[in-house]
Amino acid sequence: ACLNIGGFSNISFKENGKRIAFDICPVNIVLNHFAKQLGKEYDENGDFARSGLINDHLLSSLNSIDYYQQNPPKSLGMEWVSEHIFPEFKNENPSTILATFTEHAAVQIANIFNQYQIKKVLFTGGGTCNSYLIERIKSKTQTEIIIPDKELIDFKEALIFAFMGVLRMQNENNVLSSATGSSHDHCSGILV
């Protein structure tokens, strides 16, 4: 499987001969928001989260959000975070939020690995540099986590979108119904 940890974590893997892809949960879109309240652009290495205290009640509430019980295909966006995530943080300090939300993301990501019995996962995206998040994921699964060199971590998603563009230029399918929920595979994008 391939996991990208950016603003949102998303995964892609084969199941019964079909490519499945979906968003697992928000990650950096939330962590960066609260790191900024502590004077940093992001929680480098997860240091704020590591030093914070997990609020078990808040963690339980986050983990019970309906989205996590839905079957793929499914996707998330900023509007969803504003409606379902940010309201959970009333009266919590940023350190507690970072610790709790990092644990939440680790739980949700590991749950997918375990649910789909994924043996190996290639991690990419900026969140892969959050060593505390990676530690927390590893503690919850037997899945082998592969962390490539920094170039692949930083640019895999850009390469994939470039490949989708090449497929569009060749008028070949670049969108899979198994990932989007559309009625059929299709070629998407606009050439200018």
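Everything quoted here is computed from the prediction, not taken from an experiment. (Residues numbered from 1 in each chain as written. Predicted model: local features only at pLDDT ≥ 70, side-chain atom pairs only at ≥ 80, totals over all residues. Heavy atoms only, no water.)

Student: I would appreciate a short explanation of the overall build of the protein in the present structure.
Tutor: Scanning the protein for helices and strands turns up eight helices and five strands. When its helices and strands are written in sequence order, the protein yields β-β-β-α-α-α-α-α-β-α-β-α-α. Relative to the globule expectation of 16 Å for 192 residues, the C-alpha radius of gyration of the protein, 17 Å, shows essentially globular dimensions. Principal-axis analysis of the C-alpha atoms gives the protein an extent of 50 × 35 × 30 Å. Here the contacts in the protein between residues at least 6 apart in sequence split such that 63% fall between residues at least 24 apart. Working note: accessible area of the protein is about 10500 Å², and carbon and sulfur atoms make up 51% of it. Computed over 16 positive and 21 negative side-chain charges, the inter-centroid distance for the protein is 5 Å. (Helix = DSSP H or I, 4+ residues; strand = E, 2+ residues; numbered from the N terminus. Rg over C-alpha atoms; globule rule 2.2 N^0.38 Å. Contact = heavy atoms within 4.5 Å. Areas by Shrake-Rupley, 256 points an atom, 1.4 Å probe, with all protein chains shown as cover. Lys, Arg positive; Asp, Glu negative; His and termini not counted. Charge placed at Lys NZ, Arg CZ, Asp CG, Glu CD.)

Student: When you look at the pattern of salt bridges in this model, what are you seeing that I'm missing?
Tutor: For side chains of opposite charge, pairing can occur when their charged atoms come near one another. If you walk through the whole model with that rule in mind, you get four salt bridges. With its nearest N and O atoms 3.0 Å apart, the salt bridge here joins Glu135 to Arg50. With Glu135 in helix H6 (residues 131-138) and Arg50 in helix H2 (residues 47-51), this pair connects stretches of sequence that are 85 residues apart. The partly exposed category is assigned to Glu135, whose relative accessible area is 41%. For Arg50, a relative accessible area of 37% gives the class partly exposed. Taking the shortest distance from any N to any O, the salt bridge between Glu103 and Lys140 comes out at 2.6 Å. Taken together, the positions of Glu103 in helix H5 (residues 94-115) and Lys140 in the loop between H6 and strand S5 (144-146) put the pair 37 residues apart, joining distant regions of the chain. (Salt bridge = Lys/Arg side-chain N within 4 Å of Asp/Glu carboxyl O. Buried < 20%, exposed > 50% of the residue type's maximum accessible area, 1.4 Å probe, protein only.)

Student: I tried to follow helix H7 (residues 150-169) on my own but got confused; where do I start?
Tutor: Working note: α-helix, 3.6 residues per turn, so residues spaced by three or four point in the same direction. Taking 1.5 Å of rise per residue, the 20 residues of H7 would be expected to cover 28 Å, and the 29 Å separating its terminal C-alpha atoms lies within 8% of that figure. Buried residues of H7: Ile153, Lys156 and Leu167, and no others. Where H7 is buried, its residues meet strand S1 (2-5) and strand S4 (120-124). Directly after H7, the chain includes Asn171, whose backbone phi takes a positive value near 60°. (Expected span 1.5 Å × (residues − 1).)

Student: Help me understand the packing of helix H3 (residues 56-63) against H5 in this model?
Tutor: A packed helix pair is summarised by two numbers, namely the angle formed by the two axes and the spacing between the axes. Taken N-terminus to C-terminus, the directions of H3 and H5 make an angle of 40°; their axes are 10 Å apart at the nearest point. If you check the angle between H3 and H5, you find them oblique. Crossing of H3 over H5 shows right-handed handedness. For the pair H3 and H5, the contacting residues are Leu58, Leu59, Leu62 and Asn63 in the first and Thr100, Phe101, Glu103, His104, Val107 and Gln108 in the second. (Axes fitted to C-alpha atoms, helices over the stretch in contact; angles between N-to-C directions. Parallel < 35°, antiparallel > 145°, perpendicular 65-115°, else oblique. Left-handed = near helix turned anticlockwise from the far one by under 90°.)

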